[in-house]
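# Topology and contacts: notes
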Amino acid sequence: MELRDYVRVLRRGWLLVVIFAAVGAGAAAAQSTRQTRMYAASVTMIVSSPDSDASATAAYQANLLSQQRVKSYADLVASDRIAQGVITQLGLNEPAARLRGQIKAQAVPDTVLLSATVTDPSPARARLLANAVGAVFSTTIARIDTPGGRNTPSVRVTVWEQAKLPTSPVSPKPVRAITLGLLAGLVLGVGAAVLRGRLDTSITTEDQIREVTGLPTLGEVAGDAGAARHPLFLHGEERSRRAEEFRQLRTNLRFADIDSRATSILVTSPLPGDGKTTTSCNLAITSAQTGARVILVEADLRRPSFGPYLGLEPTAGLTSVLIGAATLDDVVQPWGSSGLHVLCSGPVPPNPTELLGSRGMSTLLADLTDRYDLVILDAPPLLPVADASVLAAEVAGVLVVARAGRTRRDQMARAVERLTTVDARILGAVLNMVSVRRVGRYDYDRSYSQVAEHRPGFLGGRRRAAPVPTLVGGGADEGPGADREPAAVASPRLALDDTMFLPVGDGHVGDDPAGDQSVGDQSVGDDGFAADDDLLDHDWGGRVGPPTDPTAPTARRPEPRTGRHDS
């Protein structure tokens, strides 16, 4: 791992580091509050060697003897003999071993000074015990070092300074304990984050996709709370970051292979929930905004979701055409006024793989590519079933969607391997639900993207709430259902650059002062995004969607064409 990899791992695991640091500091603080306060009192003693000879040599030798004895005496102070003498002198009722544990002694280097320290929960008792230790030790040494036949000891220990009453405890020390606990937690947290990053095999960057599959990443789509509530960006601001990311994906697809431009694109993913359906829907919407004739085909016959997503009738569709129960013109439904058509899945068949791999499906794809400039198919995931692999051999290009932080590298590699096995042409990958912090550095400043809103003369010089789009031919302000908001689809355009702006002109339901464009109750679909359930529950007079205005223009299906048209 390089330095930037460690930085990325720490950015992803910052919460883990914070948790470990907080736990370490909290544990240290709790331990400090539970500990008993201990006070320390010290007595200072001096070791000397009396000598009647006043010469310099004799004095030097006596000083050396005292220094040598000090080192040995430091070990004798904290002994059972001294502890028992203190207990006897003070009349205490406790074992000598316990008192011995409270006594510590040390010799001051290069001096004849000896310091004895006694710790105790009571400051007064600590001073009393320290003074007693000094007195008992002095008496004991005088008795031991007095040779037989002499009244004067060879070495004498004298208390130089009595112990003072301690005013502050020596333990616990909360500040030091919390600091050490915090540092220990930080170290453990960083180690856990790095270990987690080394063991984490999920895909988070486009470099990892290129390393695993060799594919270019044609687009990165940020994940946020708004995307979960409104998977189709038409529900929100048309100049939002999410809308711009799909426009960028549309542009990158155009330049993926200029020599042989793909007219039919299969959108799939390794596993369910990676975002293939929302990617295919939003890609179809943005492609249709350029004026191209686009059809969105729901080729996921196992778990269809276009009905709730787009507010269309799902009972007849692709399956009906393949089994001969309906013609293509009967089941294709227009969506919006920008040329987008949708072919829903229809009834769920018992043999979806066989239907998608049939000769009728190949014929249908050929018919669609003749009628439309771009055919986008939303296929099932690659790893659970073989449906997408069967279709991949029939289309001009495949787009693989991976979800950041969820799709594992081995899953992505196996998905691409299945496509390679059927000799599919893989255009690239899309990294979905990328962290907003990571993709934010590539965005324009928000004020730049909204300059047009405040330009003099643009919609009266003030910002208007984005209208709720209506279905083609639907009069949302008229008829029985006018009090409900319809499903979100495209609306008429303004005379602006249609690759950058979506319409806010006529044909809208009405301005929303609060800017709230939510529609109905939300439920979670297959891709982890919300869908509008009440669109299907409402009675629109025998059809799904708002009532049709007889005076409103209707979209005309494209006629078959003989040549290719590059939009």
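### Digging into a nonpolar patch on the surface
Together, Trp-14, Leu-15, Val-18, Ile-19 and Val-23 give the surface a local cluster of nonpolar side chains, amounting to about 480 Å² of exposed area. Counting through the fold element by element, Leu-15 comes out in helix H2 (residues 14–34).

### Comments concerning the sheet that holds strand E1 (residues 39–48)
Strand pairing in a sheet relies on backbone hydrogen bonds, with the paired strands running either antiparallel or parallel. Strand order in the open sheet made by the four strands is E2-E3-E1-E4, with antiparallel pairing throughout. If you trace the sheet from one side to the other, it starts and ends with strand E2 (103–107) and strand E4 (156–161), each paired once. Neighbouring strand axes in the sheet, compared pairwise and without regard to direction, differ in orientation by 30° on average. With five bridges joining them, E2 and strand E3 (residues 113–120) adopt antiparallel strand pairing. The partner of Ala-107 across the bridge, within E3, is Leu-114. In the packing of helix H6 (residues 123–144) onto the sheet, the strands contacted are E1, E2, E3 and E4, and the crossing angle to E1 comes to about 20°.

### Looking at the packing of helix H1 (residues 3–12) against helix H7 (residues 174–199)
Relative orientation of the contacting elements H1 and H7 amounts to 110°, with a least axis distance of 9 Å. As the angle between them shows, H1 and H7 are arranged roughly perpendicular. Contacts from Tyr-6, Val-9 and Leu-10 in H1 reach Val-190, Ala-193, Val-194, Gly-197 and Arg-198 in H7. Of the residues assigned to the contact of H1 with H7, the class counts are six nonpolar, one polar and one charged.

### What about the side chain of Thr-407?
When you line up the elements, Thr-407 lands in the loop between strand E11 (397–403) and helix H18 (409–421). In terms of polar contacts, Thr-407 uses its side chain to reach the backbone amide nitrogen of Arg-403, at 2.9 Å.

### Digging into the packing of aromatic side chains
According to the stated counting rule, one finds one aromatic pair in the structure shown. When the centroid spacing of 5.8 Å and the interplanar angle of 80° are considered together, the rings of Tyr-73 and Phe-137 count as edge-to-face. Linking Tyr-73 in helix H3 (residues 56–77) with Phe-137 in helix H6, this pair joins segments that are 64 residues apart in sequence. Judged by its relative accessible area of 4%, Tyr-73 is buried. The buried category is assigned to Phe-137, whose relative accessible area is 1%.

### A look at the environment of Gly-24
Position of Gly-24 relative to the elements: it lies in helix H2. On the accessibility criterion, Gly-24 (17% relative accessible area) is buried. Separated by 153 residues in the primary sequence, Gly-24 and Ala-177 place their C-alpha atoms 9.7 Å from one another. If we skip the residues at most four places from it in the chain, Gly-24 touches Gly-181 and Leu-182.

### Some remarks on the pairing of E3
Bridge analysis of E1 against E3 gives eight bridges, and the strand direction is antiparallel. Note that in E3 the partner of Ser-42 across the bridge is Thr-117. Hairpin connection, E2 to E3: the antiparallel pair is bridged by five residues, and Asp-110 has positive phi, about 60°.

Calculation notes
- Residues numbered from 1 in each chain as written.
- Predicted model: local features only at pLDDT ≥ 70, side-chain atom pairs only at ≥ 80, totals over all residues.
- Heavy atoms only, no water.
- Patch = residues over 30% accessible without salt bridge, like charges linked within 9 Å, V, L, I, M, F, W, Y side chains within 5 Å.
- Areas by Shrake-Rupley, 256 points an atom, 1.4 Å probe, with all protein chains shown as cover.
- Salt bridge = Lys/Arg side-chain N within 4 Å of Asp/Glu carboxyl O.
- Helix = DSSP H or I, 4+ residues; strand = E, 2+ residues; numbered from the N terminus.
- Pairing = 2+ DSSP bridges.
- Axes fitted to C-alpha atoms, helices over the stretch in contact; angles between N-to-C directions.
- Contact = heavy atoms within 4.5 Å.
- Parallel < 35°, antiparallel > 145°, perpendicular 65-115°, else oblique.
- Nonpolar A, V, L, I, M, F, W, Y, C, P; charged D, E, K, R; others polar.
- Polar contact = N/O pair within 3.5 Å; in protein donor to acceptor, adjacent residues only side chain to side chain.
- Phe/Tyr/Trp six-rings, centres within 6.5 Å; stacked < 30°, edge-to-face > 60°.
- Buried < 20%, exposed > 50% of the residue type's maximum accessible area, 1.4 Å probe, protein only.

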